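# Breakdown of the fold
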Amino acid sequence: MAVSWSGARNGDSVLDICCGSGDLAFLLSEKIGSQGKVTGLDFSKEQLLVASSRQDLLGNPCYKNIVWVEGDALDLPFPDNYFDAITIGFGLRNVVDKPKAMAEMLRVLKPGSRASILDFNKSTQPLTTLFQEWMIDNVVVPVASSYGLAKEYEYLKSSIREFLTGKELEELSLEVGFSNAKHYEIGGGLMGNLVATR
């Protein structure tokens with residue numbers, strides 16, 4: 001959904017911010033084809049090394065159109081009006097200055113292009129919130145613990161509580177200058193995807 005809603009098309013130049021190990025970047029690569037270009041940006045050199053090694057191992061010819069860039073979502077190292085589409089998956093929640101990150105996305109997007117932002121949803125429904133917290137405590141963290149990754153996932157609950165609701169994400173997008181913004185709840189409200197058009 002995040003890739004489809006980004007509006008990325010064959011031959012486009014697209015950016016995946018907070019790309020981590022590259023999941024969305026690989027999907028974008030398949031969407032835009034070998035004539036396009038995907039830039040995966042992350043501040044973690046270690047994650048970019050994982051993404052690069054996956055790129056080599058997966059061996060899909062279209063993945064050759066991906067470049068990995070170490071950089072900051074608050075100070076994107078690209079010129080204005082550069083990208084045809086942007087995705088960010090499970091990253092905006094962890095950015096220290098969300099308005100600045102949104103403004104940077106707006107700056108590097110071409111007019112009429114879209115940013116598609118997938119993340120855990122901060123629901124306004126108490127039952128959804130309770131279920132989400134129960135899942136994190138009783139499924140996500142225990143499974144992560146079995147892989148020795150408990151610390152990496154224990155922060156999820158608090159970071160979701162501090163995140164914005166879908167309506168607040170829409171308002172923030174409009175405040176920084178996007179012309180249109182729509183937040184879609186998915187997975188029964190456990191996740192959400194913001195689509196913001198420049």
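Residues numbered from 1 in each chain as written. Predicted model: local features only at pLDDT ≥ 70, side-chain atom pairs only at ≥ 80, totals over all residues. Heavy atoms only, no water.

## Here's the deal with the domain arrangement of the protein chain
For the protein chain, the domain assignment lists domain 1 (1-121 + 163-197) and domain 2 (123-162). Summarising the inter-unit geometry, the C-alpha centres of domain 1 and domain 2 are found 23 Å apart. Listed by partner, the interface residues are 10 residues for domain 1 and 11 residues for domain 2. Note on domain 1 versus domain 2: buried area summed over both sides is about 890 Å², and carbon and sulfur give 53% of it. In terms of surface lost to domain 2, no three residues of domain 1 exceed Arg-93, Phe-163 and Leu-190, which account for 50% of the buried area on that side. Here domain 1 is connected to domain 2 by 0 residue pairs in polar contact (both at pLDDT 80 or more). Considered class by class, the residues forming the side of domain 1 that touches domain 2 number 4 nonpolar, 5 polar and 1 charged. (Domains from an automatic or database assignment. Contact = heavy atoms within 4.5 Å. Buried area = accessible area lost by both parts, 1.4 Å probe. Polar contact = N/O pair within 3.5 Å; in protein donor to acceptor, adjacent residues only side chain to side chain. Nonpolar A, V, L, I, M, F, W, Y, C, P; charged D, E, K, R; others polar.)

## Overview of the sheet that holds strand 4 (residues 83-89)
Strand order in the open sheet made by the 7 strands is 3-2-1-4-5-7-6, with mixed pairing throughout. Looking at the sheet topology across the chains shown, the edges are occupied by strand 3 (66-70) and strand 6 (180-186). Adjacent strand axes in the sheet meet at a mean angle of 15°, parallel and antiparallel pairs treated alike. Across 6 bridges, strand 4 lies against strand 5 (residues 109-120) in parallel orientation. What sits directly across from Ile-88, in strand 5, is Ile-117. On the sheet, helix 4 (residues 98-108) packs against strand 1 (13-17), strand 4, strand 5 and strand 7 (191-197) and is oriented at approximately 145° with respect to strand 5. (Pairing = 2+ DSSP bridges. Helix = DSSP H or I, 4+ residues; strand = E, 2+ residues; numbered from the N terminus. Axes fitted to C-alpha atoms, helices over the stretch in contact; angles between N-to-C directions.)

## Describing the side chain of Arg-93
Note that Arg-93 resides in the loop between strand 4 and helix 4. There is a polar contact of 2.8 Å between the side chain of Arg-93 and the side chain of Asp-119.

## Details of the packing of helix 4 against helix 8 (residues 166-176)
Orientation of helix 4 relative to helix 8, taken along the N-to-C sense of each, is 55°, at an axis distance of 9 Å. As summarised for this structure, helix 4 and helix 8 are arranged oblique, according to the angle between their axes. Classified by chirality, the crossing of helix 8 by helix 4 is right-handed. Across from Lys-98, Pro-99, Met-102, Ala-103 and Leu-106 in helix 4, the residues of helix 8 making contact are Leu-172, Ser-173 and Val-176. Grouping the amino acids of the contact of helix 4 with helix 8 by side-chain chemistry returns 6 nonpolar, 1 polar and 1 charged. (Parallel < 35°, antiparallel > 145°, perpendicular 65-115°, else oblique. Left-handed = near helix turned anticlockwise from the far one by under 90°.)

## Observations concerning a nonpolar patch on the surface
Where nonpolar side chains cluster on the molecular surface, the patch consists of Phe-131, Trp-134, Val-139, Val-143, Tyr-147, Leu-149 and Tyr-153 and spans about 690 Å² of accessible area. A total of 4 residues in the nonpolar patch trace back to one element, the largest contributor, which is helix 5 (residues 126-146). Here Trp-134 falls in the partly exposed class, since its relative accessible area comes to 47%. (Patch = residues over 30% accessible without salt bridge, like charges linked within 9 Å, V, L, I, M, F, W, Y side chains within 5 Å. Areas by Shrake-Rupley, 256 points an atom, 1.4 Å probe, with all protein chains shown as cover. Salt bridge = Lys/Arg side-chain N within 4 Å of Asp/Glu carboxyl O. Buried < 20%, exposed > 50% of the residue type's maximum accessible area, 1.4 Å probe, protein only.)

## A closer look at the nonpolar core
Counting 27 residues, the largest nonpolar core has Leu-15, Ile-17, Ile-86, Leu-92, Met-102, Met-105 and Phe-178 as its most contacted members. For this core, the secondary structure elements donating two or more residues are strand 1, strand 4, helix 4, strand 5, helix 8 and strand 7. Residues within four places of Leu-15 in sequence aside, it is in contact with Thr-39, Leu-41, Leu-76, Phe-78, Phe-83, Ala-85, Ile-86, Thr-87 and Val-108. Val-3, Leu-28, Leu-48 and Tyr-63 belong to the second largest nonpolar core, which has 20 residues in total. (Core = buried A, V, L, I, M, F, W, Y, C linked by side-chain atoms within 4.5 Å.)

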